[in-house]
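# Structural features, examined
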Amino acid sequence: MNAEKNLAAAATAIIGQKVLPGMEEDYESWQGDLNAAAAYYPGFLGAEISPPTPLQPDWVVVYRFDSVAHLQAWINSGTRQTYLDVGSKYFDGPATQQVVSSGTQSLDPLVTVVVTHRVHPNQVDDFLDWQNHMVQEESRFEGFRGTELFRPIEGLQEEWTTLYRYDSAEHLDAWLTSSERRQVLAEGKKFSDFKLHTIDNSFGSWFAFEGNGKEEAPPPSETRTSLAVWVGLYPTVVLLTLALFPLHMPLWIGLLVGNLLSSFIMSFLTMPYYVNPLLGRWLRPPPEERATRSLLRGLGVVAVAIAFWAVVFYLVTEQFWSLP
């Protein structure tokens, strides 16, 4: 039962990447190392690599974490960025990325299509009506197994993402090439700027998110995320400064070493074991909690935490140990 609850809050990133000819083996080895690094991050549930197929032209990598917050920590991590800098020599153009959240996994190996749209805030209602019409039409086709629509996720992507699934490539192709689909697309001309790619059925069980119908809490705002990082960064930086001070390194070397160490400490210790347990409920409050109460309580925790560390470091540096 607990495993089902964990899956119900899972978040999945779908990353498509074109690879330069002749670099496939090197890329696959590099990607395997990158996926192994992801496994050390909190909330990691799994990762898979799929090479191109006639149905799926790109290499596709799927990451699955137990929450949007944990997936976001990995996607935005310094570790992943370092790997991407090294692996850029294998890439034939930029990658595509979609993130979806919520739901449980299906056991059926399905063919999944991922479609992303950029929607102006003033057009959201029209877009939702148009999407409902699209679903009504595609559901009449043989092999249709369901669809989900996911709103933009702050800090990860700006697009609306739609997943729809069929039981075979043939049934999917019948829909994609149908006159019914062309008609619906013509009716939604203002939403014609979209990206579509197909995920082969080897990944089918990763993209079924029909859950218990409960709405998941939205991801935290940039303001809350920034304050949470501040709560963790302040003690991390000061403690590192105190630890490195006896070495008397030149300023530029001290900052270089300190920034490197703080990146690792923030990623592997401070955020998962201090900030997330302390502010997790504030970052992702339950739907039934009143927004004002959640905001005030979270700001109170932030203020107390910062005040606590400020007093500690004042006593350490001014009363017990004066830095020259």
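Let me begin by describing the structure that accompanies this report. (Residues numbered from 1 in each chain as written. Predicted model: local features only at pLDDT ≥ 70, side-chain atom pairs only at ≥ 80, totals over all residues. Heavy atoms only, no water.)

### Details of helix α10 (residues 291-320)
Here α10 contains 30 residues, and its C-alpha end-to-end distance of 42 Å stays within 8% of the 44 Å for a straight helix at 1.5 Å per residue. Among the residues of α10, those classed as buried are S294, G298, V302, A305, I306, W309, F313 and T317. Considering only its buried residues, α10 is in contact with α8 (222-244) and α9 (251-283). (Helix = DSSP H or I, 4+ residues; strand = E, 2+ residues; numbered from the N terminus. Expected span 1.5 Å × (residues − 1). Buried < 20%, exposed > 50% of the residue type's maximum accessible area, 1.4 Å probe, protein only. Contact = heavy atoms within 4.5 Å.)

### Some points on the pattern of salt bridges
In total, this model carries three salt bridges according to the counting rule given. Two residues, D58 and K18, come together in a salt bridge whose shortest N-O distance is 2.9 Å. With a gap of 40 residues between them, D58 in the loop between β2 (44-50) and β3 (59-65) and K18 in the loop between β1 (11-17) and α2 (24-38) connect regions that are remote in the sequence. Residue D58 is classed as buried on the basis of its relative accessible area of 14%. Of the residues examined, K18 reaches a relative accessible area of 42% and is grouped as partly exposed. (Salt bridge = Lys/Arg side-chain N within 4 Å of Asp/Glu carboxyl O.)

### Considerations on a negative patch on the surface
Together, E24, E25, D26 and E28 line one region of the surface with negative charge. Relative to the assigned elements, E25 resides in helix α2. (Patch = residues over 30% accessible without salt bridge, like charges linked within 9 Å, V, L, I, M, F, W, Y side chains within 5 Å. Areas by Shrake-Rupley, 256 points an atom, 1.4 Å probe, with all protein chains shown as cover. Lys, Arg positive; Asp, Glu negative; His and termini not counted. Charge placed at Lys NZ, Arg CZ, Asp CG, Glu CD.)

### Considerations on the pairing of β1
For β1, the buried fraction is high: seven of the seven residues fall into the buried class. Burial along β1 is two-sided: the residues A11, A13, I15 and Q17 and T12, I14 and G16 are all buried. Note: β1 against β3, seven bridges, orientation antiparallel. Bridge pairing links A11 to F65 in β3. (Pairing = 2+ DSSP bridges.)

### Side note on a nonpolar patch on the surface
A cluster of nonpolar side chains, Y40, L260, F264, F268, L269 and Y273, forms an exposed patch at the surface whose accessible area comes to about 720 Å². When you line up the elements, F268 lands in helix α9. Owing to a relative accessible area of 30%, F268 belongs among the partly exposed residues under this scheme.

### Points about the nonpolar core
Ranked by size, the top nonpolar core spans 22 residues in total, and within it Y27, Y63, L71 and W74 carry the most contacts. For this core, the secondary-structure elements that each account for two or more residues are β1, α2, β3 and α3 (68-75). Broken down by element, the residue count for this core peaks at five residues, all from α2. Contact partners of L71, with chain neighbours within four places excluded, come to A11, T12, A13, Y63, F65 and V99. In this structure, V113, V115, V184 and F191 belong to the second largest nonpolar core, which totals 17 residues. (Core = buried A, V, L, I, M, F, W, Y, C linked by side-chain atoms within 4.5 Å.)

### Thoughts on the packing of aromatic side chains
Aromatic ring pairs are defined here through the distance separating the ring centres and the angle between the ring planes. Going through the model one piece at a time under the given rule, you end up with 19 aromatic pairs. With a centroid separation of 5.8 Å and an interplanar angle of 40°, the aromatic rings of Y27 and W30 are classed as tilted. One end of the pair, Y27, and the other, W30, are both in helix α2, three residues apart, so they sit about a helical turn from each other. Following the ring pairs from residue to residue traces out a cluster consisting of Y27, W30, W59, Y90 and F91. (Phe/Tyr/Trp six-rings, centres within 6.5 Å; stacked < 30°, edge-to-face > 60°.)

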